[in-house]
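What the coordinates show
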Amino acid sequence: GYEWGFFTAGLGMLLGLADNAAHLIDKSRAELWVSKVDVKTFDFATPFSRRERWRIESTPGVGEVEEFNVSYTMWRLPSGGNNSVQVVGLDLLGELAPRLPLVSGRLSDLQNQDAIIIDESEGRKLGFPKLGDSVEIMGQRARIVGFTRGMVNFTTTPFVFTSLKRSHQYGWVTEKGSSVIYYLVKVAPGHAVEEVRQAIQASAPGIEVHTRESFAWRTRAYWLFETGAGVGFIVAALLGLVVAGVLVSQMLYTLTVERLGEFAILKALGSRMGELSRIVLSQSLICGAAGLGLGLAVSAGVAFAAE
């Protein structure tokens, strides 16, 4: 019980982090994501030419197309140092990008000059900026016009949400404004998603078209299985399960051996082996249930504190 409680806690933490890795994909309303070929994860996409947009829009079955930019850059801290951030450029007139859960400000405020939105939980990393404060991103001025809640990144790099135009100026890979990271596609009514995906894929060389679900899984799988982060979590959880299981089994074995005399008396009085086994099994289940309850209580406390 103890070992399973803590094992499920570790596994739950890992799966929660993996969900964060694909959070923006899951929350989008796009049915298809178009990227440069061989993108392994949402965070590390390669920019490609904006000229591909007309090919996508002219594909039969395509309803809406929106640009969506993601790039890493540097945030200047008040102390003089820098902190890495991930700039997310949104089409403010579009409907396919993930909706931001705002706790202050409005999405329309991003139409103002130099406007950005960050998550309220990232204040410690970014020098505790307040609403209306001006900051420096990649040598340029930015002003905070809102805060989100729960928009955190698996890589612990804070998200900075802004307009498409400003994302080209704040980010590294889209600095000149002639390239795009992703196109979000909404399939027109009456058309099958897979058929439209294959048609877009065939329309232009060097691009890759993912369904929302497949791209989210690819991103999670990258962090879970292709990096040391996920493998380390899994190995640590399994190791804890094995070690705790051995310790608990040894403890139960010792408790049983200490009562051999009492079991011998019960046996002499006519008890069958099945009855004696049920006694030992009942004791094991009671200990296991108590341990599982303790483990879940600790897990709930950790989850509450993490939230």
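Note that the coordinates shown come from a computational prediction; the quantities given were computed from them, not determined experimentally. (Residues numbered from 1 in each chain as written. Predicted model: local features only at pLDDT ≥ 70, side-chain atom pairs only at ≥ 80, totals over all residues. Heavy atoms only, no water.)

**Topic: the overall build of the protein chain**
Selection rule: Helix numbers and strand numbers start at the N terminus; a helix is a DSSP run of H or I with at least 4 residues, a strand a run of E with at least 2. Only the C-alpha atoms count toward the radius of gyration. The rule for a globule is 2.2 Å times the residue count to the power 0.38. Working definition: with a 1.4 Å probe on protein chains only, accessible area under 20% of the residue-type maximum means buried, over 50% means exposed, and in between means partly exposed. Throughout, a residue-residue contact means that at least one pair of heavy atoms, one from each residue, lies within 4.5 Å. All accessibility values rest on the Shrake-Rupley procedure with a 1.4 Å probe; residue burial counts only the protein chains present in the view.
Counting its regular elements, the protein chain contains 9 helices and 12 strands. In terms of C-alpha radius of gyration, the protein chain reaches 27 Å, well past the compact-globule figure of 19 Å for 307 residues. Projected onto its principal axes, the C-alpha positions of the protein chain cover 90 × 50 × 30 Å. Relative to its 307 residues, the protein chain shows a buried fraction of 41%. The contacts in the protein chain between residues at least 6 apart in sequence include a share of 74% that link residues at least 24 apart. For the protein chain, the accessible surface area stands at approximately 16,100 Å², while carbon and sulfur atoms represent 61% of it.

**Brief notes about the nonpolar core**
For clarity, the cut-off: Here, nonpolar core refers to any group of buried Ala, Val, Leu, Ile, Met, Phe, Trp, Tyr and Cys residues whose side-chain atoms link them within 4.5 Å.
If you look at the biggest cluster of nonpolar residues, it comprises 27 residues, and the most contacted ones within it are Trp33, Phe42, Phe68, Leu90, Phe161 and Tyr182. Secondary-structure elements contributing two or more residues to this core are α2 (23-27), β3 (62-76), β4 (82-90), β6 (115-119), β9 (159-163), β11 (182-187) and α6 (212-225). Residues Val34, Val62, Val65 and Ala204 belong to the second largest nonpolar core, which totals 15 residues.

**Focus: the packing of aromatic side chains**
Going by this rule: Aromatic pairs are defined between Phe, Tyr and Trp rings, using the six-membered ring for Trp, whenever the two ring centres lie within 6.5 Å; interplanar angles under 30 degrees are classed as stacked, those over 60 as edge-to-face, and all others as tilted.
Applying the stated criterion to the full structure yields 13 aromatic pairs. Their ring planes at 75° and their centres at 6.1 Å tell us that Trp33 and Phe42 sit as a pair that is edge-to-face. On the basis of relative accessible area, Trp33 is assigned to the buried category, the value being 0%. Ring geometry for Tyr222 versus Trp223: centroids 5.2 Å apart, planes at 85°, classification edge-to-face. Since its relative accessible area comes to 16%, Tyr222 is described here as buried. Taking relative accessible area as the criterion, Trp223 reaches 11% and is therefore assigned buried. Connected via pairs of aromatic rings, a cluster forms that spans Trp33, Phe42, Phe68, Tyr182 and Phe215.

**Some remarks on α6**
Counted only if it meets this: By this rule, a helix spans an expected 1.5 Å times one less than how many residues it contains.
With 14 residues, α6 extends 20 Å between its outermost C-alpha atoms, agreeing within 8% with the 20 Å of an ideal straight helix rising 1.5 Å per residue. Where α6 is concerned, the buried positions are Phe215, Ala216, Thr219, Arg220, Ala221, Tyr222, Trp223 and Leu224.

**Some words on the pattern of salt bridges**
In plain terms, the rule: Each salt bridge in this description consists of a side-chain nitrogen of Lys or Arg and a carboxyl oxygen of Asp or Glu lying within 4 Å of one another.
Counted under the stated rule, the structure contains 16 salt bridges. Across the salt bridge formed by Glu275 and Arg272, the nearest N and O atoms sit 3.6 Å from each other. Residue Glu275 is classed as partly exposed on the basis of its relative accessible area, which comes to 28%. Take Arg272: its relative accessible area is 56%, and that puts it in the exposed class. Among the charged side chains, a network of salt bridges with common partners joins Asp114, Arg141 and Arg166.

**Here's the deal with a nonpolar patch on the surface**
The test is simple: What goes into a patch is any residue over 30% in relative accessible area without a salt bridge, connected to like charges within 9 Å or, for nonpolar side chains (Val, Leu, Ile, Met, Phe, Trp, Tyr), within 5 Å.
A contiguous nonpolar patch, built from Ile265, Leu266, Leu269 and Ile279 and spanning about 370 Å² of accessible area, is present on the exposed surface. By relative accessible area, which is 54% here, Ile265 ends up exposed.

**With respect to the pairing of β11**
Our working definition: For two strands to be treated as a pair, DSSP must find no fewer than two bridges joining them.
Burial analysis of β11 places 5 of its 6 residues in the buried class, the great majority of the element. Pairing of strand β1 (residues 32-36) with β11, which is carried by 3 bridges, proceeds in the antiparallel orientation. Within β11, the position partnered with Trp33 by the bridge is Leu184.

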